[in-house]
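Spelled out, the chains give:
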Protein chains: 2
Amino acid sequence: MSATIAPPADAHASGPARETVRVALGERSYDILIGRGVSAEAGARAAALGARAVALVTDDTVADLHGEGVRARLEEAGLRCETITVPAGEGSKGYATLARVCDAILASRIERGDLVLALGGGVVGDLAGFAAAIVRRGVRFVQVPTTLLAQVDSSVGGKTGINSAHGKNLVGAFHQPSLVLADTALLDTLPARELRAGYAEVVKYGLIDDAAFFAWCEANGPAVLAGGPERERAVAHSCRSKAAIVARDEREEGDRALLNLGHTFGHALERLARYDPAILVHGEAVAAGLALAFRFSAYLGLCAPADAERVARHLAASGLPTTFGAFAGLAPDPERLLDAMAQDKKVVAGQLTFILARGIGASFVAKGVDVAAVRTFLARECAGEAPAPV
Amino acid sequence: MSATIAPPADAHASGPARETVRVALGERSYDILIGRGVSAEAGARAAALGARAVALVTDDTVADLHGEGVRARLEEAGLRCETITVPAGEGSKGYATLARVCDAILASRIERGDLVLALGGGVVGDLAGFAAAIVRRGVRFVQVPTTLLAQVDSSVGGKTGINSAHGKNLVGAFHQPSLVLADTALLDTLPARELRAGYAEVVKYGLIDDAAFFAWCEANGPAVLAGGPERERAVAHSCRSKAAIVARDEREEGDRALLNLGHTFGHALERLARYDPAILVHGEAVAAGLALAFRFSAYLGLCAPADAERVARHLAASGLPTTFGAFAGLAPDPERLLDAMAQDKKVVAGQLTFILARGIGASFVAKGVDVAAVRTFLARECAGEAPAPV
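**Concerning the packing of aromatic side chains**
Move 1: Enumeration over the complete set of coordinates arrives at 16 aromatic pairs over all chains.
Move 2: Relative to Phe377 of chain A, the ring of Phe296 of chain A lies with its centre 4.8 Å away and its plane at 40 degrees, an arrangement referred to as tilted. A residue pair is termed long-range when its members are at least 10 positions apart, and Phe296 of chain A in helix α10 (residues 282-299) and Phe377 of chain A in helix α13 (residues 371-382) qualify at 81 residues.
Move 3: Pairwise contacts between aromatic rings join Phe265, Phe296, Tyr299, Phe354 and Phe377 of chain A into one cluster.
Move 4: When the ring centre of Phe364 of chain A is taken as origin, the NZ or CZ atom of Arg358 of chain A, which lies over that ring, is 3.8 Å away.
Move 5: One cation-aromatic arrangement involves Lys204 of chain B over Tyr205 of chain B; the distance from NZ or CZ to the ring centre is 5.3 Å.

So this is what it looks like as structure tokens:
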């Protein structure tokens, strides 16, 4: 069916026109299309998937920028389209909005062969994907991520969900999309702060298991942020990295936990900030979390302090925070951070699990990490002291 | 591990002491234990599954009757137990109670190896099972059904969910339990009306594909309702029937739809009654739905009118409703019934799907049923006329 789909208007522009990354998950396999303009194919692709109607879930910010365009592409392809708009921001990732979105999808008479399309950042993708997972016990969905963070992370891999008062993403489902359209042209309207925040997740893939990609980031980070063809390369490489890890471990019973590098510290920061974007956004928390994970690894004698310094240096050069003290309006406190970590979902049988590193590109899952060491490390970080290795 | 589990106290009573039905679903396979007293094994069985803590979800009626007993069995086995009680009744199968149960499970610090235990009827099982499906993207759960309906139907097969304003069970997940303990002694406290309602689902298995079992029901129905050893036999046979169908088609892409025999009419009746138990309960709606499905099959010339009459006769002899007119306080109306059916989740591409029958034990999935025929049939049934075959 792809023969009937026109190439994007700017397929001949300089740089890599487009790439397709396959997420290999047996009967749940799907493609991620990456390139400038690929969202113009939303209608043709949805029709090719056999849908007759689409519930387009978006937020009020993205609706203004891209909502009508995507809707027009869907209607041109002969699909009935109902738009469901939620308020922008993390506050929409909760029970009340989930109920509203599910009811709106049902009201739009989406049937089993039809599609939910998530047009937005991580909040919209996680929320709409979860709604798609549970409406009629599962309808298919397509991700059209509009932030760098969503393009390289949350739209790939099938984790969907909402937040609870007890923590982030604690209620959800594994529900793989049928297709991801990562249109890098949509990032042109993204605020610089959001772009930088998403870049933290790009850097993460180098830090997990790909030292050469981290070195590439050090050389090309400015071009990725500025919007050259390096941006498409960074998105495609990140998607390939994530797809490979997800294909090995779809339901996070092993290696997939590596994707949480920087997230144990990061989620704790987000909880302390009460998810207030005036204080931090997710990618900023992850940036600090990555720097902290490497300093904690160095503190435990696992990794060379020079590696931790190199990680922090590149993140800082990219305009990202690397310490607890970097967040105005946050009063980091070791006990509150520890408590926030203990409620994180990576707690197994009461022990703390971290993703630590033996060096750049050499991360590993560390179970049963000693709480006393964490407490001492947090106290020194909160006090702004450079913690000496134990 | 079963060697350490004591047999039920009355294992040597007359009749089949206990039966185990295996639901064969690959890595999601599980056992249904059926017999008087099997719920006394809840603690030992949960411990054998590797749990350290159990979130026991129940309703306020069942909590008073059986809550402390099950809790004591769990604690005797060394498990930490947190009881979560919801109001009895269909009203608990909604977004608000789901959110409360999810948060309560999280507050009880249930971890991935732990268990949610559903102690109650279909509402509790569907609600707690759905909460287990989505808390931390899935924790294991055990069903201890306390109604005949839940023992023979809703606790088996992994369908979980809640109702939406748009219809029953429209939001949910497939999430198989790790174990079902169908303790027929728990039915001793069940009101006679609930017992009869559950019996409609027992009869359904004969009508689907097992004419001999329907004949057995005609002979033994009174004994099943009175509580002889025939009751265990009926529960075990029903569970075997359902397990076989679910094993063939876990996610209802084919044969599993046969389990909806009687449910298209039944769900429409429930919607018209606004799920008000003063008017009807689920099994009563199913009883009428079964009689209607056979009369509709006869009306369409698919099945002998004598078969439809025989079905209605046995249901009526069991104290169950068989017509729209049987429900005091309900004003059945063809258009409202049709509208209620059209929102049912078995609508595919705008056409009505029914489960119809060519005779007792010879049901089949009928797609694309003509709406005009449905309308005429409903009009005659609502007017109390015996519809002549077309």
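On we go.
**A closer look at the interface of chain B and chain A**
How big an interface is tends to be expressed through the accessible area that disappears when the partners come together.
Move 1: Each partner contributes to the interface: chain B provides 38 residues, whereas chain A provides 37 residues.
Move 2: Roughly 3200 Å² of surface becomes buried between chain B and chain A when both sides are summed, with 47% attributable to carbon and sulfur atoms.
Move 3: Interface area lost by chain B to chain A is led by Arg112, Arg136 and Arg137 of chain B, which between them contribute 23%.
Move 4: Counting the contacts that link chain B with chain A gives 0 salt bridges.
Move 5: Sorting the residues of the side of chain B that touches chain A by element identifies α3 (95-107), α4 (122-134), β7 (159-164), β8 (167-174) and α12 (334-342) of chain B as the ones contributing at least two each.

**Some thoughts on unusual backbone geometry**
Residue and element names in this part refer to chain A.
Move 1: The residue Arg136 is not glycine, and still its phi comes out positive at about 50 degrees.
Move 2: Here Arg136 shows up in the loop between α4 (122-134) and β6 (140-145).
Move 3: Given a relative accessible area of 6%, Arg136 falls into the buried group.
Move 4: Although it is not a glycine, Glu252 adopts a positive phi angle of roughly 55 degrees.
Move 5: Within the element layout of this structure, Glu252 appears in the loop between α8 (229-248) and α9 (263-272).

**Structural notes on the relation of the copies chain B and chain A**
Move 1: Take chain B, turn it by 180 degrees, move it 0.0 Å along the axis, and it overlays chain A with an RMSD of 0.0 Å. Here the two chains are linked by the operation of a two-fold rotation axis. Looking at the rotation axis and the C-alpha trace of chain B, the residue lying nearest is Tyr95 of chain B, at 3.9 Å.
Move 2: Counting the interface residues of chain B, we find that 97% of their copies in chain A are interface residues as well, pointing to one common contact surface.

**Points about the pattern of salt bridges**
Move 1: Considering all chains together, one arrives at 42 salt bridges over all chains under this definition.
Move 2: Its salt-bridge partner being Glu270 of chain A, residue Lys168 of chain A comes within 3.5 Å of it at the nearest N-O pair. Remark: Glu270 of chain A occurs in helix α9 and Lys168 of chain A occurs in strand β8 (residues 167-174); sequence separation between them is 102 residues. Each member of the pair, Lys168 of chain A as well as Glu270 of chain A, is classed as buried.
Move 3: Put simply, Glu41 of chain B and Arg18 of chain B hold a salt bridge, and the shortest N to O gap is 2.8 Å. In this pair, Glu41 of chain B sits in the loop between β2 (30-35) and α1 (42-48) while Arg18 of chain B sits in strand β1 (residues 18-23), placing the two residues 23 residues apart along the sequence.
Move 4: For Glu41 of chain B, a relative accessible area of 4% gives the class buried.
Move 5: For Arg18 of chain B, a relative accessible area of 27% translates into the label partly exposed.
Move 6: Look at the salt bridges and you will find they share partners, linking Arg18, Glu41 and Arg45 of chain A into a network.

**Thoughts on the confidence of the model for chain A**
Move 1: Here chain A shows a mean pLDDT of 91. Residues at 70 or above account for 92%.
Move 2: Counting interchain partners and residues more than four positions distant, the pLDDT-below-50 stretch residues 1-16 of chain A has 17 contacts.

**Things to note about the sheet that holds strand β9 (residues 179-183) of chain B**
All names here are of chain B.
Move 1: On the basis of which strands lie adjacent, the open sheet formed by 7 strands has the order β1-β2-β9-β6-β5-β3-β4 and mixed pairing. Unpaired on one side and paired on the other, β1 and β4 (80-86) mark the two borders of the sheet. On average, each strand axis in the sheet is tilted by 15 degrees relative to the strand beside it, whichever way the strands run.
Move 2: Against the sheet, α3 engages β3 (53-59), β4 and β5 (115-120), with an angle of about 165 degrees to β4.
Move 3: Of the strands in this sheet, β1, β2 and β9 are in contact with helix α8 (residues 229-248), which crosses β1 at around 10 degrees.

What counts and how
Residues numbered from 1 in each chain as written. Chains lettered and ligands numbered in written order. Predicted model: local features only at pLDDT ≥ 70, side-chain atom pairs only at ≥ 80, totals over all residues. Heavy atoms only, no water. Phe/Tyr/Trp six-rings, centres within 6.5 Å; stacked < 30°, edge-to-face > 60°. Helix = DSSP H or I, 4+ residues; strand = E, 2+ residues; numbered from the N terminus. Lys NZ or Arg CZ within 6 Å of the ring centre and 35° of its normal. Contact = heavy atoms within 4.5 Å. Buried area = accessible area lost by both parts, 1.4 Å probe. Salt bridge = Lys/Arg side-chain N within 4 Å of Asp/Glu carboxyl O. Buried < 20%, exposed > 50% of the residue type's maximum accessible area, 1.4 Å probe, protein only. Least-squares fit on C-alpha atoms with pLDDT ≥ 70 in both. pLDDT = per-residue confidence, 0-100. Pairing = 2+ DSSP bridges. Axes fitted to C-alpha atoms, helices over the stretch in contact; angles between N-to-C directions.

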